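Notes for the structure review
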Amino acid sequence: MIETPLEFPSKGTTCRGVLYTPDAGSSNLPCIVMAHGFGLTHASGLAPFKEAFCKAGYAVFAFDYRHFGESDGQPRQALSPRKEVADWLAALNFARQVERIDGSRICLWGTSFSGGLVIAAAAQDGNVRCIISQCPMMDGLASLLGVVGYAGIMQAMRLTWHGTVDWIRRGLGMSPRYIASAGRPGELGMMTAEDCQEGYVPLLAENASNYVAAGVSYTIPLFRPTRLASKVTCPALVLICDHDTVAPAKAAAKAAEKMPNSEVKHYPLGHFDVYRGDALDQSIKDQLEFLGRQLPA
């Protein structure tokens with residue numbers, strides 16, 4: 001697998017990624033454009049997917065969102081769904097111009113939070129060949145209600161308070177108020193169900209951190225990719241974890257129903273289980289089978 005660092009502009013900010021190809025001489029390759037989920041970088045636990053896709057004959061262009069990882073953008077760790085959708089569209093348009101990629105044969109691949117972002121990006125672009133959305137966050141409001149369900153209304157109020165402080169601080173030109181991306185039950189964090197700390201932290205690469213600017217607590221409930229799902233007319237594979245504490249399975253299933261060409265796979269797993277062991281192997285197997293039919297290498 002050959003790795004080529006690349007960079008591209010997104011609304012005036014430089015984003016960076018890596019093009020992975022099966023070998024040095026291959027060309028006219030179908031490409032999978034990939035980015036990670038909530039607060040993570042593409043170096044955080046996605047290597048098995050990249051390697052499997054390249055081994056099957058695909059190029060993979062994996063990138064980091066602005067404000068995260070290797071990409072530029074200040075302040076750091078400031079997550080904006082709107083900006084990340086724009087980064088997806090910029091990465092997609094950039095990949096179409098890369099010499100070794102067949103720009104007419106591109107799949108958008110997202111997992112967790114980016115599983116919803118690819119829905120929004122595909123709906124806006126309208127010309128991707130297919131998408132893969134793994135354990136996707138399809139409805140931010142449903143996710144917030146899930147937090148209330150397992151952590152109580154006081155947790156939601158704490159997140160709102162810290163989000164307010166963050167927006168005030170940034171409005172005054174001060175540094176952000178940060179909170180944990182994932183924590184243990186009872187701690188302050190965006191994800192604090194029983195499996196979150198142990199599932200999220202092991203994914204962190206050296207260029208990723210377990211914290212985000214707290215203002216994201218305001219924007220997450222407003223980000224609802226399910227509202228755009230009916231506009232995604234390309235083939236779509238939606239991989240749902242039925243015991244998901246982060247991205248409610250019902251919301252993912254409802255979004256998939258709205259997509260006219262969706263296929264759904266259900267796994268009796270929690271949100272973070274698909275990144276390891278037999279569940280990882282099965283997920284990759286299902287994805288390669290889908291790609292073999294919809295985007296043959």
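Residues numbered from 1 in each chain as written. Predicted model: local features only at pLDDT ≥ 70, side-chain atom pairs only at ≥ 80, totals over all residues. Heavy atoms only, no water.

Focus on the pairing of strand 6 (residues 130-134)
Among the five residues that make up strand 6, five are buried, leaving the element largely enclosed by the rest of the structure. Two elements, strand 5 (residues 101-111) and strand 6, share five bridges in a ladder whose sense is parallel. Opposite L108, over in strand 6, you have I131 as the bridge partner. The β-α-β motif built from strand 5, the intervening helix 3 (residues 113-125) and the parallel element strand 6 has right-handed crossover chirality. Where strand 6 meets strand 10 (residues 236-241), four bridges bridge the pair, whose relative direction is parallel. Following the sheet pairing, I132 is matched in strand 10 by L237. (Buried < 20%, exposed > 50% of the residue type's maximum accessible area, 1.4 Å probe, protein only. Helix = DSSP H or I, 4+ residues; strand = E, 2+ residues; numbered from the N terminus. Pairing = 2+ DSSP bridges. Right-handed = clockwise from strand over helix to strand, strands pointing away.)

What to know about the layout of surface pockets
If you add up the space inside the largest pocket, you get close to 320 Å³. Secondary structure elements with two or more residues in the lining of the largest pocket: helix 4 (140-151), helix 5 (153-171), strand 8 (189-191) and helix 7 (216-219). Broken down by element, the lining of the largest pocket gets its largest block of residues, four residues, from helix 4. For the lining of the largest pocket, the residue count by class is 14 nonpolar, five polar and no charged. (1 Å grid on protein atoms, 1.4 Å probe; cavity = no way out; pocket = protein on both sides within 12 Å on 5 of 7 lines; lining within 4 Å. Points joined across faces, edges and corners; volume = space filled by probe spheres on them. Nonpolar A, V, L, I, M, F, W, Y, C, P; charged D, E, K, R; others polar.)

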